[in-house]
Amino acid sequence: MRSKGTSIARNIEVYGSALQRLTDVLASPEVAGLAPELRNKLVFSLAGRSPDLGPIRIVDALGNVVADSESGRPREETVADHDYFLAQRDQQGLGLYISAPVKDRLGYGADSVALSRKLLDGNGAFAGIVSAVLRLGYLRTLFQHVDVGPHGVITLFSTDGTILVREPSLSNGTTDAGVRINTGWNFQRMLKEKTGSFVGRYTPDGVNRMRAFRQIDGLPLMIVVGLALDDIYAEWWQRATWSIVITALVCAGIIILAWRFKRELKRRELAESDLAELAKELSGMAVTDPLTGLGNRRHFDSLIQREWRRAARAKSVLSLLMIDIDHFKDFNDRYGHPQGDEVLRILAKSIGAGIRRPGDSGARYGGEEFAVILPDTDLRGALTVADNIRAAYMNREEPRALAGEPPTISIGVSSVRPAGGGETALVRSADQALYAAKENGRNRTETIALNGGRGATA
Ligand code: GH3
Ligand code: MG
Ligand code: MG
């Protein structure tokens, strides 16, 4: 806004300096000495042509036009009663004078202002003026190229408060030239500050505008560019509305993403818990014998190793029971496998009933052979557990569900206080004790105590 106002101001300054150049040239003694015709030709060729400037004229001390850049020969005319002549004649040090706007008075078909500079003779006395006509319509065209928005106004006025050009015009397509503006507080302030800006309501149309003003250097002219606050805010609102819409979209996007993320998490959580359950089931399956619900052989193998190491560390006695059903093959052959399975289940239950401590654990060693690991238990304790299991098996209630007389069981017991070596020694000796029970007539318990196995429970 400021720069556009400035470029228009520059234009006007150029007109002023063109006249300045002319007066300088005319004042030089060499030019003054030339014949008038030659002198005028030279001077006007120097001034150049500009579509917005009317004819440049040289006027003598009496106000008679002595040269005219357009007609070549001056019309017989006097400007002795014009303000731009009188002002230069009667006042000292005016420099460039800008007349009040004149409605076609100068005869150039539109509102204009006259610019004048004083000419002095060799003695420094008043010798006339050089004048030019500035067509305000041309300035208006210039103003129309300034984008001040739909409700903006750009005004050029003289410092006495007279409008030279106002665009857009507030009075039907003219330049509004000659209209007096309100020379109130804001006007005084502009004169004082020369350049600046302020927000104020413009009296003629009541529109609130942000106005930037600048006095044209060295000239009694002020240019004001006013942008309507509504226009400024409209643009701002448009941008703000976009920001709001975009922000809302982004927020919505984030909410949707968060919701989907949450749903995905939930889904995964469910899948994971399903998976965990499955894993638990699988790992249970991996160590459990499905028929009896006791640990399987794999479970037994890892458990006996662990208990062996633990007993070795704690220097405690570890006992192992091997239980085998007597003549089970015959039973199966006679009553069928389902009945045999039932017997296996009954024995497993009896094992569960016979062991008391949380550390004790029974497992299906293979076929109709079971093993019971008894940590921290010496031979006597192990024998008691064997008796308990046997008693539970004998006193079971389920046999009534069996078709025939249930088979008896043989038990081999072995105890050891581990010191080096491995658990196989214990397994082998329990097996040997079982073998001995079979040898000795079955339906009985035999024991083998390895080193320290007979000792008191640690
Ligand atoms: P012993 O008194 O010498 O132990 O004779 P036994 O017949 O019990 O021993 P043997 O090793 O000859 O036979 C074991 C039988 O156990 C063979 C098989 O019929 C039976 N058996 C092994 N596993 C199962 C099972 O899962 N279900 C059933 N019903 N029977 C099984
Ligand atoms: Mg058997
Ligand atoms: Mg067997």
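Refer to the structure above for everything that follows.
The rules behind each value
- Residues numbered from 1 in each chain as written.
- Chains lettered and ligands numbered in written order.
- Predicted model: local features only at pLDDT ≥ 70, side-chain atom pairs only at ≥ 80, totals over all residues.
- Heavy atoms only, no water.
- Pairing = 2+ DSSP bridges.
- Helix = DSSP H or I, 4+ residues; strand = E, 2+ residues; numbered from the N terminus.
- Axes fitted to C-alpha atoms, helices over the stretch in contact; angles between N-to-C directions.
- Contact = heavy atoms within 4.5 Å.
- Core = buried A, V, L, I, M, F, W, Y, C linked by side-chain atoms within 4.5 Å.
- Buried < 20%, exposed > 50% of the residue type's maximum accessible area, 1.4 Å probe, protein only.
- Domains from an automatic or database assignment.
- Parallel < 35°, antiparallel > 145°, perpendicular 65-115°, else oblique.
- Nonpolar A, V, L, I, M, F, W, Y, C, P; charged D, E, K, R; others polar.
- Donors = N, O, S within 2.8 Å, 3.2 Å for Na, K, Ca; no water.
- Phe/Tyr/Trp six-rings, centres within 6.5 Å; stacked < 30°, edge-to-face > 60°.
- Lys NZ or Arg CZ within 6 Å of the ring centre and 35° of its normal.
- Near = heavy atom within 4 Å.
- Polar contact = N/O pair within 3.5 Å; in protein donor to acceptor, adjacent residues only side chain to side chain.
- Areas by Shrake-Rupley, 256 points an atom, 1.4 Å probe, with all protein chains shown as cover.

On to the sheet that holds strand β15 (residues 409–416). Overall, mixed pairing links the 5 strands, which are arranged β13-β14-β12-β15-β16 in an open sheet. Edge positions in the sheet fall to β13 (361–366) and β16 (445–449), since each of these pairs with one other strand and no more. The mean inter-strand angle of the sheet, taken between neighbouring strand axes irrespective of direction, is 20°. Strand contacts of helix α8 (residues 297–314): β12 (318–325), β13, β14 (369–374) and β15, with the helix running at about 155° to β12, the strand carrying the most contacts. Lying on the sheet, helix α11 (residues 379–394) is in contact with β12, β14, β15 and β16; it crosses β15 at an angle near 160°.

In terms of nonpolar packing, the biggest core is built from 34 residues, with Ile12, Leu156 and Leu221 touching the most fellow members. Of all elements in the fold, only α1 (2–27), α3 (36–47), β5 (111–120), β6 (126–135), α5 (136–144), β7 (153–158), β8 (163–167) and β11 (221–228) reach the threshold of two or more residues within this core. There are two domains that each give this core at least three residues, and those are domain 1 (2–134) and domain 2 (147–285). Contacts of Leu221, omitting those with residues within four sequence positions, involve Ile12, Ile98, Leu156, Phe157, Ser158, Thr159, Leu164, Arg214, Gln215 and Ile216. Residues Leu344, Ala348, Tyr393 and Ile409 belong to the second largest nonpolar core, which totals 26 residues.

What follows is about the sheet that holds β11. Ordered in space as β8-β7-β11-β10-β9, the 5 strands form an open sheet in which the pairing is antiparallel. Edge positions in the open sheet fall to β8 and β9 (195–201), since each of these has one partner strand only. On average, adjacent strands in this sheet sit at an angle of 20° to one another, irrespective of strand direction. As paired elements, β9 and strand β10 (residues 208–215) share 7 bridges and run antiparallel to each other. Counterpart to Gly200 in the pairing with β10 is Arg209. Running over the sheet, helix α6 (residues 185–193) touches β7, β9, β10 and β11 and is turned about 170° from β9. Strands β9, β10 and β11 of the sheet are contacted by helix α7 (residues 229–287), whose axis makes an angle of about 45° with β11.

Time to look at the packing of helix α9 (residues 328–335) against helix α10 (residues 337–354). For the pair α9 and α10, interaxial distance at closest approach is 7 Å and the crossing angle is 135°. Considering the angle they form, α9 stands oblique to α10. Where α9 approaches α10, its residues Phe328, Phe331, Asn332 and Tyr335 are matched on the opposing element by His337, Gln339, Gly340, Val343 and Leu344. Of the residues in the contact of α9 with α10, the class split is 5 nonpolar, 4 polar and no charged.

A few words now on the coordination of the magnesium ion (ligand 3). Where a metal carries four tetrahedral donors, each ideal angle is 109.5 degrees; where it carries six octahedral donors, the ideal angles are 90 or 180 degrees. Coordination of the magnesium ion (ligand 3) by the protein involves Asp324 (OD) and Glu368 (OE), with metal-donor separations of 2.3 Å. Separation of the magnesium ion (ligand 3) from the magnesium ion (ligand 2) amounts to 3.4 Å, with Asp324 serving as a shared donor to the pair. Note that Asp324 is positioned in strand β12 and Glu368 in the loop between β13 and β14, a separation of 44 residues in sequence. Glu368 carries the same exposure label as Asp324, and that label is buried.

Under the definition given, this model contains 7 aromatic pairs. Each ring, one from Phe300 and one from Tyr365, has its centre 5.3 Å from the other, and the planes form 90°; the classification is edge-to-face. Here the residue Phe300 occupies a position in helix α8, and Tyr365 occupies one in strand β13, the gap between them amounting to 65 residues. Accessibility assignment for this pair places Phe300 and Tyr365 in one class, buried. Each member of the aromatic cluster is reached from another via a ring pair, and the members are Phe328, Phe331 and Tyr335. In this structure, Arg297 packs its charged tip against the face of Tyr365, placed 3.9 Å from the ring centre.

The residue Tyr15 is located in helix α1 in this model. With 100 residues separating them in the primary sequence, Tyr15 and Leu115 have C-alpha atoms 8.5 Å apart.

Below, the discussion takes up the site of ligand 1. Contacts to ligand 1 come from 16 residues, most closely from His327, Phe328, Asn332, Asp341 and Arg364. Here Asp324 contributes a side-chain N or O atom positioned 2.8 Å from an oxygen atom of ligand 1. The separation between an oxygen atom of ligand 1 and a polar main-chain atom of Phe328 is 2.8 Å. Protein contacts shield 69% of the accessible area of ligand 1, which totals 640 Å² for the unbound molecule. Those elements giving two or more residues to the shell around ligand 1 turn out to be β12, α9 and α10. Per-element tally for the shell around ligand 1: the top contributor is α10, with 4 residues. Taken together, the residues of the shell around ligand 1 sort by class into 3 nonpolar, 5 polar and 8 charged.

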